[in-house]
Amino acid sequence: MAPDDRSPGQAVLKAVLLVLSLGVGAVIFALALLPPVGAAGQAVLRIADEFNQVAEDVDLAFPRIPERSTIYASDGTVLATLYLDENRKIVRLDQVGDVTRNAVLAIEDARFFEHPGLDVQGILRALVRNVRAGEVEEGASTITQQLARNVFSTIGTEETLARKVQEARVAMRLEEQYSKEEILELYLNEVYFGRGVYGIGTAAEYYFGTNVRNLTLPQAATLAGLISSPETYSPVNDKEAAIARRNVVIARMAELGMITEADAAAAMASPLGLDITAVGNENARFPFFVEYLKAEILSDRRFGRTERARIKTLFQGGLKIYTTLEPVLQRAGDRIVARRFPDPGGPQSAIAAVDTDTGAVKALVGGQNFEESQVNLATGQGGTGRQSGSAFKPFTLVAAFEQGVPLGKVYKAASGQYVECGQYGGRYQVFNAGDGGGSGYIDMATATQGSVNAYFVQLAVEVGPPNIVEVARRMGILSPLEPFCSITLGTHEVTPLEMASAFGTLANHGVHCRPFGITKVEARGKVLLRQRHGRCEQVVDRQIADDAAGLLRLVVSSGTGTAANLGQWPVFGKTGTTNDSADVWFSGCTSQVCAATWVGHPEARVPMPGAYGGTVAAPVWHDFMLVAMRGLPPRPLPSTPQPEAAQVPHVVGLTRAEAIDVLVEAFFTPVIEMVRAGEPADVVVGQSPAGGATAIAGGQVVIQVSDGKAPPPPPPPAPGESPPGQEGDPPPGHTKDKGKGKGKDD
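Remember, it's a predicted structure, so these values are computed and weren't measured experimentally.

### Description of the environment of Val-290
In this fold, Val-290 is placed in helix H13 (residues 287-298). The spatial distance from the C-alpha of Val-290 to the C-alpha of Ala-80 is 7.3 Å, given a sequence separation of 210 residues.

### Quick notes on the packing of aromatic side chains
If you walk through the whole model with that rule in mind, you get 12 aromatic pairs. Judged by centre distance (6.1 Å) and plane angle (40 degrees), the ring pair of Tyr-192 and Phe-315 falls under tilted. Here Tyr-192 is found in the loop between helix H8 (180-190) and helix H9 (200-208), whereas its partner Phe-315 is found in helix H14 (residues 307-316), with 123 residues between them in sequence. Aromatic side chains Phe-586 and Trp-621 sit 5.0 Å apart centroid to centroid with 70 degrees between the ring planes, which places their arrangement in the edge-to-face category. You can see Phe-586 sitting in strand S17 (residues 583-589) and its partner Trp-621 sitting in helix H22 (residues 613-628), a full 35 residues away along the chain. Assessed through its relative accessible area of 0%, Trp-621 is described here as buried. Within the aromatic cluster, the residues linked to one another by ring pairs are Tyr-192, Tyr-198 and Phe-315. We note Lys-180 situated over the ring of Phe-112; from NZ or CZ to the ring centre the distance is 4.4 Å. We note Arg-427 situated over the ring of Tyr-418; from NZ or CZ to the ring centre the distance is 3.9 Å.

### Examining the sheet that holds strand S20 (residues 669-675)
The sheet built from three strands is open, its strands ordered S20-S23-S21 with mixed pairing. Only two strands of the sheet have a single neighbouring strand rather than two, namely S20 and strand S21 (684-688). Strand after strand, the sheet turns through a mean of 25 degrees between neighbouring axes, direction not considered. In terms of strand pairing, S21 meets strand S23 (residues 700-706) through four bridges, oriented antiparallel.

### Concerning the pairing of strand S13 (residues 518-523)
Regular strands have side chains that alternate between both faces of the sheet. Relative to S13, strand S3 (residues 319-323) is paired through five bridges, and the arrangement is antiparallel. What sits directly across from Tyr-322, in S13, is Lys-520. Between S13 and strand S14 (residues 526-530), which pair antiparallel in sequence order, lie two residues; one of them, Arg-524, sits at a positive phi of approximately 55 degrees.

### A short note on the packing of helix H16 (residues 393-402) against helix H19 (residues 465-475)
H19 packs onto H16 with a crossing angle of 110 degrees between their chain directions and a minimal axis gap of 9 Å. Comparing the axis directions of H16 and H19 gives the class roughly perpendicular. The handedness of the crossing between H16 and H19 comes out as right-handed. Every residue of H19 that contacts H16 at Phe-395, Thr-396, Val-398, Ala-399 and Glu-402 is listed here: Asn-467, Ile-468, Val-471, Ala-472, Arg-474 and Met-475. Its residues assigned to classes, the contact of H16 with H19 shows seven nonpolar, two polar and two charged.

### So, the state of the cysteines
In total, this model carries three disulfides according to the counting rule given. Paired through a disulfide, Cys-589 and Cys-594 show a sulfur-sulfur distance of 2.0 Å. Handedness of the Cys-589-Cys-594 disulfide follows from its S-S torsion of about 110 degrees: it is right-handed. Within the chain, bonded cysteines paired by disulfides and numbered along the sequence follow the pattern 1-2, 3-4, 5-6.

### Things to note about helix H20 (residues 496-507)
Given a rise of 1.5 Å per residue, 12 residues ought to cover 16 Å, and the 16 Å separating the end C-alpha atoms of H20 matches this to within 8%. Of all the residues in H20, the buried ones are Pro-496, Leu-497, Glu-498, Met-499, Ala-500, Ser-501, Ala-502, Phe-503, Gly-504, Thr-505, Leu-506 and Ala-507. Remark: His-509 follows H20 within two positions and exhibits a positive phi of approximately 60 degrees.

### Side note on the sheet that holds strand S16 (residues 572-577)
An order of S5-S4-S18-S17-S16 is seen for the five strands of this open sheet, with the pairing classed as antiparallel. Looking at the sheet topology across the chains shown, the edges are occupied by strand S5 (361-365) and S16. Between one strand axis and the next, the sheet turns through 10 degrees on average, direction left out of account. Where S17 and strand S18 (residues 593-600) come together, seven bridges link them in antiparallel fashion. From the neighbouring strand, Asp-583 faces S18, where its bridge partner is Gly-600.

### Describing the packing of H16 against helix H18 (residues 453-463)
The axes of two packed helices give the description: the angle between them and the distance between them. One can describe the packing of H16 onto H18 by two numbers: an axis separation of 10 Å at closest approach and a directional angle of 45 degrees. Looking at the two axes, H16 sits oblique to H18. Classified by chirality, the crossing of H18 by H16 is left-handed. Along the contact surface, H16 presents Lys-393, Thr-396, Leu-397, Ala-399 and Ala-400, while H18 presents Asn-453, Phe-456, Leu-459, Ala-460 and Val-463. Its residues assigned to classes, the contact of H16 with H18 shows seven nonpolar, two polar and one charged.

### Focus on empty space enclosed by the protein
A probe matching the size of a water molecule, rolled over the atoms, marks out where space remains unfilled. Under the defined criterion, the tally for this structure stands at three cavities of 30 Å³ or more. Of the pockets and cavities examined, the second largest cavity occupies roughly 50 Å³. Those elements that provide at least two residues to the lining of the second largest cavity are strand S4 (348-355), H20 and strand S12 (511-513). In terms of residue class, the lining of the second largest cavity is made up of three nonpolar, six polar and one charged.

Parameters and conventions
- Residues numbered from 1 in each chain as written.
- Predicted model: local features only at pLDDT ≥ 70, side-chain atom pairs only at ≥ 80, totals over all residues.
- Heavy atoms only, no water.
- Helix = DSSP H or I, 4+ residues; strand = E, 2+ residues; numbered from the N terminus.
- Phe/Tyr/Trp six-rings, centres within 6.5 Å; stacked < 30°, edge-to-face > 60°.
- Buried < 20%, exposed > 50% of the residue type's maximum accessible area, 1.4 Å probe, protein only.
- Lys NZ or Arg CZ within 6 Å of the ring centre and 35° of its normal.
- Pairing = 2+ DSSP bridges.
- Axes fitted to C-alpha atoms, helices over the stretch in contact; angles between N-to-C directions.
- Parallel < 35°, antiparallel > 145°, perpendicular 65-115°, else oblique.
- Left-handed = near helix turned anticlockwise from the far one by under 90°.
- Contact = heavy atoms within 4.5 Å.
- Nonpolar A, V, L, I, M, F, W, Y, C, P; charged D, E, K, R; others polar.
- Disulfide = S-S within 2.5 Å.
- Expected span 1.5 Å × (residues − 1).
- 1 Å grid on protein atoms, 1.4 Å probe; cavity = no way out; pocket = protein on both sides within 12 Å on 5 of 7 lines; lining within 4 Å.
- Points joined across faces, edges and corners; volume = space filled by probe spheres on them.

Take a look at the structure:
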């Protein structure tokens, strides 16, 4: 229709639509004050004229399929090629069942067949619904607006007034040039459903293994619910969120009269019924790393201000993405895990390895069969982390050193004792692995070497669990943590990549480099991103980091992690075993590479009786690191720190309990020796070293404690010997004179 042919009523409609599309309350108010159309139609017509001139230069011919993106390993070989059309099956509108069409329309644009591209009623209705719900349940953009924004890159995605006006005008021009059926068909084939899947036809195959024509009501509602936020409502990543969103769609369909209340109730009660069938990217090498990389890009605002913009950049931007992955090391990790854990129904293993100096991710072993399970055990993507057991203790060590707790600090090591954790866990009973640790007192080095739980829980109480959480955060642990005293025993879920990165902070002298997988991104000959290291920051004092790393060398040299010893390459690390042996770990570093290895059942926490981090996970780490270190020279690690000397306190004359308290407070390990001294029971009658002497803090002080009994009488003399005190027996402290005639004292 030519501009001059339009009626004043049509002009008013376009002006009103323009004002509402901008969402500017002041303009709405001004428009409301305009006199009737007949009296001031020219003013309204001028607004309409300006609106009609917006985006007149936008070519409404839909563009060709964009250029593919390619991902490369560190050696230049191709890891994956990402095509938009590889993950899209074009379907005609008449191939899409009514229930699927209705589900999409109900949640995205219920008045699609009634409005001219912009929906004033829909905007107001969505506003009311979302305010009542306290979240975005219904979008305000029409399907035509979404299509305009998604297909025509000149519109952009930024939240500006000019873009909104342009989007509104392009949407109305599309409605003038294409039929409603053509627009809906284009929309259903273009929209993104998460996990690299574009188009309703591909989504039906990927999520439910069926043809789009055969989608049931619950299936159709699940897919329709994904459109507004594919990652938030992903049935793979968060089934509860997906079901909740699906039910919102079903309720909206019932509200609109598209289905009966009975059908809605039955659909809401049904399970998700996923049947994941890969329909794109099947030939990717090392798919767990590729999925990690894709997630990194889709969460990085450098590739687009919105998630949808980043999706467009990744799958349609013609990117050349160069990565840190080392194929030789990755293949070795996959092979080692497959060889050690061949039973698909048994335990599996995950490995993450990073460069200590830069944070570059060298390899990720996230699972053995990507087609069967897309949960990345190395990163937690698609699932969660796992409890780390005692592998978490190094964060307590760092927190202790930061608060000045000396190496000589001693605690009672007995298994089964109760520790008062106060507000951080109440009265907590702690057990040592295998009931080890003995019943006496031990110092920090001994506790670290033997991974004595009782010691570390008491140390955690003294240090303060919130400080341990804060240290772990600084060093690279991003998973949720709660400040309970049991945190030092690894009771919270973390991922191998987090642990490798955090241990790298110690190997890098307190500098944490955020793990990264991309070194360079190019698009059409232009470099969009180049990085040689992750974001690096000194988060732990260098000396403290070195002391912690040096102390952890004891674990590998003579403690619970000797199976991780690499011979010529110095190693520090920590074993980890949960109390039911459902998760076992070894995390450790050379000077150049840090890696974390987890072993357990992917599907659940299944106990593995007799399994320990030092006997099951450490050998996997050892074999993997032999490949990782191939060709790298041995580089020294910090030496094991030595405790300082301290003065031994005087405890003779004190009761046993008093003496123990005094010695522990002075950072000495009390050793009790009961003696018959004729003194009152439980009184210290002797000590070694003596009070006032200088000794190594944390060392043993033997105290002789009276048992309250008199000493036994001296034994009778042997035949031919004089009884003590008789003539011929020298006095105490003298020797018998064997000279002739004169004593030597004369």
